[in-house]
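One-letter residues, chain by chain:
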Amino acid sequence: NAGVTQTPKFQVLKTGQSMTLQCAQDMNHNSMYWYRQDPGMGLRLIYYSASEGTTDKGEVPNGYNVSRLNKREFSLRLESAAPSQTSVYFCASSDRGETQYFGPGTRLLVL
Amino acid sequence: GESVGLHLPTLSVQEGDNSIINCAYSNSASDYFIWYKQESGKGPQFIIDIRSNMDKRQGQRVTVLLNKTVKHLSLQIAATQPGDSAVYFCAEIYQGAQKLVFGQGTRLTINP
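Residues numbered from 1 in each chain as written. Chains lettered and ligands numbered in written order. Predicted model: local features only at pLDDT ≥ 70, side-chain atom pairs only at ≥ 80, totals over all residues. Heavy atoms only, no water.

A. Spatial organisation of the sheet that holds strand S7 (residues 65-68) of chain A. Residues and elements named next belong to chain A. The strand order across the open sheet built from four strands is S1-S3-S8-S7, with neighbouring strands paired in antiparallel fashion. This sheet does not close on itself; its edge strands, each paired only once, are strand S1 (4-7) and S7. Neighbour to neighbour, the strand axes of the sheet diverge by 15° on average, direction disregarded. Where S1 meets strand S3 (residues 19-25), four bridges bridge the pair, whose relative direction is antiparallel. (Pairing = 2+ DSSP bridges. Helix = DSSP H or I, 4+ residues; strand = E, 2+ residues; numbered from the N terminus. Axes fitted to C-alpha atoms, helices over the stretch in contact; angles between N-to-C directions.)

In structure tokens:
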């Protein structure tokens, strides 16, 4: 049981490039989330998916898009990366919208 | 807006002592609270949770206390060990919501 997995672990992009962060969970959870964490800061919610087929904006959605591909997978896309998107990105999942279980994170550097 | 915050950004304790990490919340409708531990380079890890109909809950070496009157949450770690060094976050969720609200975190360091 791997829990929540994320790929890649680390990525460097140039301004304007695009990329997709992948997330998968094997706990049969209904809800999935994407957060960003900046140095010395807490977690800020980007987007979430309460159930398969639905997505909703969180606190900081601008510059991102998401796809809930199926119950297991929830991807985050940066269409045109900006230096302000340099951060650590965490995916999480939960069964009933309460306790969330986090992946190991993707460290993104945008030059 | 509603927010979850922490009284102290850093806390240093001697190995073997008890640690107390505090958290204030402002949403009186919050009915579920969670403490997470985040070690360097890793994702947040669930430690313990508590519902608003409880005042105290104990786990292995950890205790969470909830004071709804003053909207205060605390995490007590008994006999602190070097492996307890991490950033600790409190989070709240209110009834019907799908989203957790996280505090900024407290860094706990252990002195040998």
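B. Highlighting the state of the cysteines. Residues and elements named next belong to chain B. Taken as a whole and assessed by the stated rule, the structure comprises two disulfides over all chains. Covalent S-S linkage joins Cys 23 and Cys 90, the inter-sulfur distance amounting to 1.8 Å. Residues Cys 23 and Cys 90 share a disulfide whose torsion about the S-S bond is about 55°; that sign makes it right-handed. With Cys 23 in strand S3 (residues 19-25) and Cys 90 in strand S9 (residues 86-94), this residue pair connects regions lying 67 residues apart in the sequence. With respect to class, Cys 23 is no different from Cys 90; both count as buried. (Disulfide = S-S within 2.5 Å. Buried < 20%, exposed > 50% of the residue type's maximum accessible area, 1.4 Å probe, protein only.)

C. Up close: unusual backbone geometry. Between Thr 7 of chain A and Pro 8 of chain A the backbone carries a cis peptide bond, its omega angle lying at -5°. Within the fold, Pro 8 of chain A resides in the loop between S1 and strand S2 (10-13). Positive phi, normally seen in glycine, also occurs at Asn 28 of chain A, with a value near 60°. In this structure, Asn 28 of chain A sits in the loop between S3 and strand S4 (31-37). Using a relative accessible area of 53% as the deciding quantity, one classes Asn 28 of chain A as exposed. Even without glycine at this site, Arg 61 of chain B takes up a positive phi of about 65°. Position of Arg 61 of chain B relative to the elements: it lies in the loop between strand S6 (56-58) and strand S7 (62-67). The exposure class assigned to Arg 61 of chain B is partly exposed, which follows from its relative accessible area of 31%.

D. Structural detail: the interface of chain B and chain A. Taken together, the contact pairs 20 residues of chain B with 20 residues of chain A. Summed over both sides, the interface between chain B and chain A buries roughly 1600 Å², with carbon and sulfur atoms accounting for 54% of that surface. It is Gln 98, Lys 99 and Phe 102 of chain B in chain B that bury the most area against chain A; as a group they hold 33% of the surface buried on that side. Our count for the chain B to chain A interface comes out at zero salt bridges. Inspection of the chain B/chain A interface yields four residue pairs in polar contact (both at pLDDT 80 or more). Among the elements of the structure, strand S4 (30-38), strand S5 (45-51) and S9 of chain B are those that each provide at least two residues to the side of chain B that touches chain A. (Contact = heavy atoms within 4.5 Å. Buried area = accessible area lost by both parts, 1.4 Å probe. Salt bridge = Lys/Arg side-chain N within 4 Å of Asp/Glu carboxyl O. Polar contact = N/O pair within 3.5 Å; in protein donor to acceptor, adjacent residues only side chain to side chain.)

E. Just the side chain of Ser 19 of chain B, in detail. Of note, Ser 19 of chain B is situated in strand S3. By relative accessible area, which is 1% here, Ser 19 of chain B ends up buried.

F. The side chain of His 29 of chain A, seen in detail. Residues and elements named next belong to chain A. Considering the arrangement of structural elements, one finds His 29 in the loop between S3 and S4. Relative accessible area serves as the criterion here: at 7%, His 29 is assigned to the buried category. At a separation of 2.8 Å, a polar atom in the side chain of His 29 contacts the side chain of Ser 93. Not counting chain neighbours up to four residues away, the residues in contact with His 29 comprise Arg 68, Lys 71, Ser 93, Ser 94, Asp 95 and Tyr 101.

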